[in-house]
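One letter stands for each residue in the lines below.
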Amino acid sequence: MSYLEAFPPELQEYYRRLFGKEAEEIMRRLREPVEHYYIRVNTLKISRDKLIEELRKEGLKPKRSPYLSEGLYFVREGPNFPDDYNPKLPTVVVNKFAAESVYQGAMLYAPGVLKADKGIREGDEVQIRDPRGLLVGVGIARMDYKEMIEATRGLAVEVTLPKFKLPSLSELKAFEKGYFYPQSLPSMVTARVLEPQEEDVIIDMAAAPGGKTTHIAQLLQNRGEIIAIDKSKNRLKKMEENLKRLGVKNVKLIQMDARSLPDLGIKADKILLDAPCTALGVRPKLWEERTPRHIEATARYQRAFIWAAIKSLRRGGVLVYSTCTLSYEENEENVKFMIKKGMKLEEQSLFIGSPGIGLEKVQRFYPHKHLTQGFFIAKLRKVRD
């Protein structure tokens, strides 16, 4: 199964039009997990060097980010076998979510199993494939085939050879103690570009589960106040847990649709809008279902959030707009819309990506150039009402 089969033909065409000869390499890398897996040191609780010590004790090999004093990363292992590898073992087929986890080194639990070859017994070596037949890993069955399909919990397969391996962090003591937050490099750059000050009125418009909000809180050393908005009750609950674990105390949570932000009557100094997007830059993509039609619809949807942000900024206030997608319409085209509505592009204090497509001062992150997910950041100032 070639990496191109992961993308609908019309999306492949779109990428070729947008990125030219780099399109193939971008798609190939999107299929794989990130090469450098980042975490953010929670400096509210620990220093980077102390956390490195803690993680080394757990047998991990963290490296310091050359760009961010609060950044650490781990180097991905793999690929551990070629795409055409066929171990000729009994097969367990799993859903997309479980497949993406196993592909990156996680164990396989029973709820992820869709079907299993008859006759698989506990202790047998098996291969794990996604619903489209992509081999994601090999392991030892810890249930027989019937139990795998029927059980609602428990370890189905102990994965011994995943396609790739990223560190498993959520079981660590250091995670429980709130010493770090798993967060991509571009996502961390976004909060830095916002340059929050403790006297600012700061709003994070689509905040949960709280990666960027807690980073802003950390940059403010828990001073000032951040208003964090999300419309999902469940996501806000998850965010509350994160705030508690990380020891963040300067965030006020509001459950609402951020498109109604002007109704609050707040005039903000700084707004972060990590816009709902097609997520075309998220890695790994075992397969992608979105097409250019989704891109256009999402770009239109984003404008309601953008409009709400502009109306809620004071004159001279700053909007940082980010997405984890690669399309032109959701990124540069929407920035042009903002410029028409009284916003002006500003230089970014931390610029480690690539320039935008036909736009100065915005930064793009590409899987093949920056070893990150695909990402976009723009910083704009409101110059007229």
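See the structure shown above.
Only a predicted model underlies this, so the values are computations on that prediction, with no experimental measurement involved. (Residues numbered from 1 in each chain as written. Predicted model: local features only at pLDDT ≥ 70, side-chain atom pairs only at ≥ 80, totals over all residues. Heavy atoms only, no water.)

### What about the state of the cysteines?
Linking two cysteines covalently through their sulfur atoms gives a disulfide.
(1) Moving on: Within this structure, the stated rule accounts for zero disulfides.
(2) Moving on: Looking at Cys277, it has no disulfide partner, and the nearest cysteine sulfur is the one in Cys324, 3.5 Å off. (Disulfide = S-S within 2.5 Å.)

### A word on the side chain of Glu329
(1) Moving on: Examined against the element boundaries, Glu329 turns out to sit in the loop between β15 (313-323) and α11 (332-340).
(2) Moving on: Although Glu329 is buried, it forms no salt bridge, and the closest oppositely charged side chain is Arg17 at an N-O distance of 6.7 Å.
(3) Moving on: Beyond its immediate chain neighbours, meaning those up to four positions away, Glu329 contacts Tyr14, Ile295, Ala299 and Asn334. (Helix = DSSP H or I, 4+ residues; strand = E, 2+ residues; numbered from the N terminus. Buried < 20%, exposed > 50% of the residue type's maximum accessible area, 1.4 Å probe, protein only. Lys, Arg positive; Asp, Glu negative; His and termini not counted. Salt bridge = Lys/Arg side-chain N within 4 Å of Asp/Glu carboxyl O. Contact = heavy atoms within 4.5 Å.)

### Things to note about the environment of Glu122
(1) Moving on: Mapped onto the secondary structure, Glu122 falls in the loop between β6 (113-116) and β7 (125-129).
(2) Moving on: When the C-alpha positions of Glu122 and Met148 are compared, they lie 9.9 Å apart, and in sequence the two are 26 residues distant.

### Overview of the packing of helix α1 (residues 9-19) against helix α2 (residues 23-30)
(1) Moving on: It is at 8 Å that the axes of α1 and α2 come closest, and there the two elements cross at 125°. The orientation of α1 relative to α2 falls into the category oblique. On α2, the residues touching Gln12, Tyr15, Arg16 and Phe19 of α1 are Ala23, Glu24, Ile26, Met27 and Leu30. (Axes fitted to C-alpha atoms, helices over the stretch in contact; angles between N-to-C directions. Parallel < 35°, antiparallel > 145°, perpendicular 65-115°, else oblique.)

### Regarding the pattern of salt bridges
(1) Moving on: On inspection of all chains with the given rule, the structure shows 28 salt bridges.
(2) Moving on: A salt bridge links Arg303 to Glu333, with the shortest nitrogen-to-oxygen separation between them at 3.9 Å. Here the residue Arg303 occupies a position in helix α10 (residues 292-312), and Glu333 occupies one in helix α11, the gap between them amounting to 30 residues.
(3) Moving on: Salt bridges sharing common partners tie together Glu25, Arg28, Arg29, Glu32, Glu35, Arg76 and Arg283.

### Side note on the pairing of strand β4 (residues 91-94)
(1) Moving on: The side-chain alternation of β4 yields two buried faces, one formed by Thr91 and Val93 and the other by Val92 and Val94.
(2) Moving on: Bridge count between β4 and β7: three bridges; the pairing is parallel. The residue bridging Val92 from the neighbouring strand is Ile128, located in β7.
(3) Moving on: Sheet analysis places β4 next to β6, joined by three bridges and oriented antiparallel. Looking across to β6, one finds that Val92 is bridged to Ala116. (Pairing = 2+ DSSP bridges.)

### Observations regarding the environment of Met343
(1) Moving on: Mapped onto the elements, Met343 comes out in strand β16 (residues 343-345).
(2) Moving on: A sequence separation of 50 residues divides Met343 from Arg293, and the C-alpha atoms of the two residues are 28 Å apart.
(3) Moving on: If sequence neighbours within four positions are ignored, Met343 has contacts with Ile310, Leu313, Leu319, Met338, Leu380, Arg381, Lys382 and Val383.

### Describing unusual backbone geometry
Negative phi characterises most residues that are not glycine, and trans characterises most peptide bonds.
(1) Moving on: At the junction of Gly78 and Pro79, the peptide bond is cis and its omega measures out at 5° in the coordinates.
(2) Moving on: Looking at the element boundaries, Pro79 is found in the loop between β3 (71-75) and β4.
(3) Moving on: A cis amide bond, omega 5°, links Ala208 with the succeeding residue Pro209.
(4) Moving on: Tracing the backbone shows Pro209 in the loop between β11 (201-204) and α8 (211-219).
(5) Moving on: The phi angle at Gln221 is positive, at roughly 55°, despite the residue not being glycine.
(6) Moving on: One can find Gln221 in the loop between α8 and β12 (225-230).
(7) Moving on: Look at Asn222: it is not a glycine, yet its phi comes out positive at around 70°.
(8) Moving on: Structurally, the position occupied by Asn222 is in the loop between α8 and β12.

### Observations concerning the layout of surface pockets
(1) Moving on: The calculated volume of the second largest pocket comes to roughly 280 Å³.
(2) Moving on: Taken together, Gly59, Leu60, Lys61, Lys63, Phe74, Val75, Arg76, Glu77, Lys165, Leu166, Pro167 and Ser168 make up the full set of residues lining the second largest pocket.
(3) Moving on: Here the lining of the second largest pocket is composed, by residue class, of five nonpolar, two polar and five charged. (1 Å grid on protein atoms, 1.4 Å probe; cavity = no way out; pocket = protein on both sides within 12 Å on 5 of 7 lines; lining within 4 Å. Points joined across faces, edges and corners; volume = space filled by probe spheres on them. Nonpolar A, V, L, I, M, F, W, Y, C, P; charged D, E, K, R; others polar.)

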